[in-house]
Amino acid sequence: MTDITTKIGKYDPETRSVPVTFTSGEIVHKRSVNAVLKNDGSYDSAGTKARVEDVASGVAHKIAAGVITVPEPLSGPLPSE
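Here is a short report on the structure shown in this document. (Residues numbered from 1 in each chain as written. Predicted model: local features only at pLDDT ≥ 70, side-chain atom pairs only at ≥ 80, totals over all residues. Heavy atoms only, no water.)

## Here's the deal with the sheet that holds strand 3 (residues 27-34)
Then, number 1: Reading across the sheet, the three strands line up as 1-2-3 and stay open at both edges, with antiparallel pairing between neighbours. Either end of the sheet is taken by a strand with one partner, and the two such strands are strand 1 (5-8) and strand 3. Neighbour to neighbour, the strand axes of the sheet diverge by 25 degrees on average, direction disregarded.
Then, number 2: Of the strand pairs in this sheet, strand 2 (residues 17-24) and strand 3 are connected by eight bridges, and their pairing is antiparallel. In the strand pairing of strand 3, serine 17 is matched with asparagine 34.
Then, number 3: Most of the contacts of helix 1 (residues 45-64) go to strand 2, to which it runs at about 40 degrees, and overall it touches strand 1, strand 2 and strand 3. (Pairing = 2+ DSSP bridges. Helix = DSSP H or I, 4+ residues; strand = E, 2+ residues; numbered from the N terminus. Axes fitted to C-alpha atoms, helices over the stretch in contact; angles between N-to-C directions. Contact = heavy atoms within 4.5 Å.)

## Overview of the pairing of strand 2
On a regular strand, one side chain projects to one face of the sheet and the next to the other, so that they alternate.
Then, number 1: Relative to strand 2, strand 1 runs antiparallel, the two being bridged by four bridges. Across the sheet, lysine 7 pairs through a bridge with threonine 21, a residue of strand 2.
Then, number 2: Taking the residues between adjacent antiparallel strands as the criterion, strand 2 and strand 3 are bridged by two residues, where glycine 25 takes a positive phi near 60 degrees.

## Structural notes on the packing of aromatic side chains
Then, number 1: Summed over the entire model, instances satisfying the criterion amount to one aromatic pair.
Then, number 2: Ring plane angle 20 degrees and centroid distance 4.5 Å describe the contact between tyrosine 11 and tyrosine 43, whose orientation is recorded as stacked. One end of the pair, tyrosine 11, is in the loop between strand 1 and strand 2; the other, tyrosine 43, is in the loop between strand 3 and helix 1, and 32 residues separate them in sequence.
Then, number 3: Relative accessible area serves as the criterion here: at 18%, tyrosine 11 is assigned to the buried category. (Phe/Tyr/Trp six-rings, centres within 6.5 Å; stacked < 30°, edge-to-face > 60°. Buried < 20%, exposed > 50% of the residue type's maximum accessible area, 1.4 Å probe, protein only.)

## Considerations on the environment of glutamate 53
Then, number 1: Its location among the elements puts glutamate 53 in helix 1.
Then, number 2: For the pair glutamate 53 and asparagine 39, spaced 14 residues apart in sequence, the C-alpha separation works out to 21 Å.

What follows is the structure, given as structure tokens:
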């Protein structure tokens, strides 16, 4: 399977999620992951880290299957402002 690293951003209490960057070689995939909350409603960083590891496994499978790839570079003229 593909080796993957993760970088977890700051918890957003409004969306109850964290932004995560998954990196494998030249592939950089960014998405939000639902945070884990404790019984009192506070953010559980250890639980969220474990959830991100589970999501990373799925992202690695998608990279290996070619579903997530390096985006093709844009070609042609850029739209004018």
